[in-house]
Amino acid sequence: MPIDFAALRKKQMAENAARLKKLDLDHPIVPPRPKPTPKVASKPSRKRKDSNTSGELEARPAKMAKNASTVTEIDASVASEEGPRRSRRTSGRASLNYNESNLTRMSPRLTKTMRPQLASKKLSGQGGSGLMLNKRVHDPKTFGAIPGIEVGTWWGSRQECSIDAVHAPWVAGISGSRTKGANSVVLSGGGEYHDDLDMGHTFTYTGAGGRDLKGTANKPKNLRTAAQSSDQSFENACNAALLKSVKTQLPVRVVRGYKLESRYAPETGYRYDGLYLVKEAWMATGMNPHGYKVCKFSFQRIDGQPDLPEREDYESEEERSVTPEIEETSD
DNA sequence: GGGCCCGCAGGG
DNA sequence: CCCTGCGGGCCC
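Calculation rules
- Residues numbered from 1 in each chain as written.
- Chains lettered and ligands numbered in written order.
- Predicted model: local features only at pLDDT ≥ 70, side-chain atom pairs only at ≥ 80, totals over all residues.
- Heavy atoms only, no water.
- Helix = DSSP H or I, 4+ residues; strand = E, 2+ residues; numbered from the N terminus.
- Contact = heavy atoms within 4.5 Å.
- Areas by Shrake-Rupley, 256 points an atom, 1.4 Å probe, with all protein chains shown as cover.
- Phe/Tyr/Trp six-rings, centres within 6.5 Å; stacked < 30°, edge-to-face > 60°.
- Buried < 20%, exposed > 50% of the residue type's maximum accessible area, 1.4 Å probe, protein only.
- Pairing = 2+ DSSP bridges.
- Near = heavy atom within 4 Å.
- Polar contact = N/O pair within 3.5 Å; in protein donor to acceptor, adjacent residues only side chain to side chain.
- Salt bridge = Lys/Arg side-chain N within 4 Å of Asp/Glu carboxyl O.
- Disulfide = S-S within 2.5 Å.

*Asks:* For this particular structure, what's the right way to read the overall build of chain A?
*Replies:* Scanning chain A for helices and strands turns up five helices and eight strands. Secondary structure elements in chain A, listed N-terminal to C-terminal, are α-β-α-β-α-β-β-β-α-β-β-β-α. For chain A, contacts bridging at least 24 residues in sequence account for 71% of all contacts bridging at least 6. Entry remark: accessible area of chain A is about 17,800 Å², with carbon and sulfur atoms responsible for 53%.

*Asks:* Before we go on, may I ask you to explain the packing of aromatic side chains in this structure?
*Replies:* What describes a pair of aromatic rings is the distance from one ring centre to the other and the angle between the planes of the rings. What the rule picks out here adds up to five aromatic pairs. Their ring planes at 80° and their centres at 5.9 Å tell us that Tyr258 and Tyr270 sit as a pair that is edge-to-face. With Tyr258 in the loop between strand E6 (252–257) and strand E7 (270–285) and Tyr270 in strand E7, this residue pair connects regions lying twelve residues apart in the sequence. By relative accessible area, which is 13% here, Tyr258 ends up buried. Joined through ring pairs, the aromatic side chains of Phe203, Tyr205, Tyr276 and Phe299 make up one cluster.

*Asks:* Where do I start with the pairing of strand E5 (residues 202–206) in this structure?
*Replies:* Each regular strand shows side chains that alternate between the opposite faces of the sheet. E5 sits mainly inside the fold: five of its five residues count as buried. Residues of E5 alternate between two faces, with Thr202, Thr204 and Thr206 on one and Phe203 and Tyr205 on the opposite face, all of them buried. Pairing of E5 with strand E8 (residues 293–301), which is carried by five bridges, proceeds in the antiparallel orientation. When the sheet's bridge partners are listed, Thr202 is paired in E8 with Gln300.

*Asks:* Honestly, the protein's contact with DNA strand C in this entry has me stumped. Any pointers?
*Replies:* Taken together, 23 residues surround DNA strand C, and among them Arg158, Ser188, Gly189, Lys259 and Tyr270 come closest. The protein-proximal atoms of DNA strand C, defined as those within 4 Å of the protein, are 64% sugar or phosphate. Between DNA strand C and Arg158, the relevant distance is 2.7 Å, taken from a phosphate oxygen to a main-chain nitrogen or oxygen of the residue. Elements represented by at least two residues in the surface near DNA strand C include exactly helix H3 (158–163) and E5.

*Asks:* Can you help me understand unusual backbone geometry in this one?
*Replies:* Phi angles above zero are rare outside glycine, and Ala165 is one such case at about 70°. Tracing the backbone shows Ala165 in the loop between H3 and strand E3 (174–177). Residue classification places Ala165 among the buried positions, given a relative accessible area of 0%. Within the chain, Gln249 stands out as a residue other than glycine whose phi angle is a positive 55°. Structurally, Gln249 is set in the loop between helix H4 (237–248) and E6. Looking at Gln249, the relative accessible area reads 9%, which means it is buried.

*Asks:* Is there a simple way to explain the pattern of salt bridges in this structure?
*Replies:* Two side chains of opposite charge can pair, provided their charged atoms sit close to one another. Per the stated rule, a full pass over the model turns up nine salt bridges. Lys296 serves as the salt-bridge partner of Asp195, at 2.9 Å between the closest nitrogen and oxygen. In this pair, Asp195 sits in the loop between strand E4 (181–187) and E5 while Lys296 sits in strand E8, placing the two residues 101 residues apart along the sequence. Take Asp195 and Lys296: they sit in the same class, and that class is buried. The residue Lys296 makes a salt bridge to Asp196 at a minimum N-O spacing of 2.8 Å. A residue pair is termed long-range when its members are at least 10 positions apart, and Lys296 in strand E8 and Asp196 in the loop between E4 and E5 qualify at 100 residues. Here Lys296 falls in the buried class, since its relative accessible area comes to 1%.

*Asks:* Mind showing me how you'd approach the state of the cysteines here?
*Replies:* Between two cysteines, a covalent bond joining their sulfur atoms is known as a disulfide. Inspection of the entire model under this criterion finds zero disulfides. Here Cys161 is not disulfide-linked; the sulfur of Cys238 is the nearest cysteine sulfur, at 15 Å. Taking relative accessible area as the criterion, Cys161 reaches 1% and is therefore assigned buried. In this structure Cys238 is a free cysteine whose sulfur lies 11 Å from that of Cys295, the closest cysteine sulfur available.

So, to be careful, I would describe these as geometric facts and stop short of saying anything about function.
See the structure below:
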């Protein structure tokens, strides 16, 4: 008797939504932000470095963190035969335009047409700003903002983001250490994370591990990602780092990627969305065919940062399924 | 579209 | 040194 995978997903998403809602309730009252123009939707005709008039947000531990750092075990002994259904993705890489796009800063180091090998070479004799250099000038293990990187900064690839020290790993979604906590995460979607919710100022995130990075016949271990094949745990270094962040309440840099299914996802590339706190950590059943456990985390954005760009045209499948009323999503 | 291969940055 | 990890390019 195969478990209804859609039902499981719905259940998990309801759980995630409840977690995020709790964050909202715990959230201290903040003065409403003046919102003159809700724009930033379809036609990013120019650069988008507005609204950041005052200086960068300092890397400061939030002072309103009084939540108990709970790791709740959620028993879910469900298994399923079906895999998570892939929903159609509207984003794609269609309108990739490097000549004029919604960049806050255009980096000439990498373009989509350049090969990673070339990209890894240093551009000789480019001294100066550092932003033009193909090497890192800031420490990615910093907690909080990276100097010179504004909220909203956009990159075409994870490599560029790494060079700017916002998120060091090229592939991994979590960067940090188990002793000090997480420095940064990337929200990049993916089938295994298909129950995660993104409300913009809050979101849920699935941990790392539990994958068998086998590879192919000739080349074992040549894969960088793979389907879930075992339970995740907080022993995993990445997950441990996020768990540590729940305790430390140090800010975590958040980058959203184009593959994320969210109205807050960039249409292409990767965008720095500012600093968040990891508020909770718990275990849940993952959106994998066998119901392996995953580590889950809830994030909450620190106040006082520029508003997130929104894709108004985005139809959130997630939002619909967790909204009890509408429910006419017959397929 | 999927399969395969690749370089890389971290951490143990 | 080894292994992991929500990339990305290329080929089919």
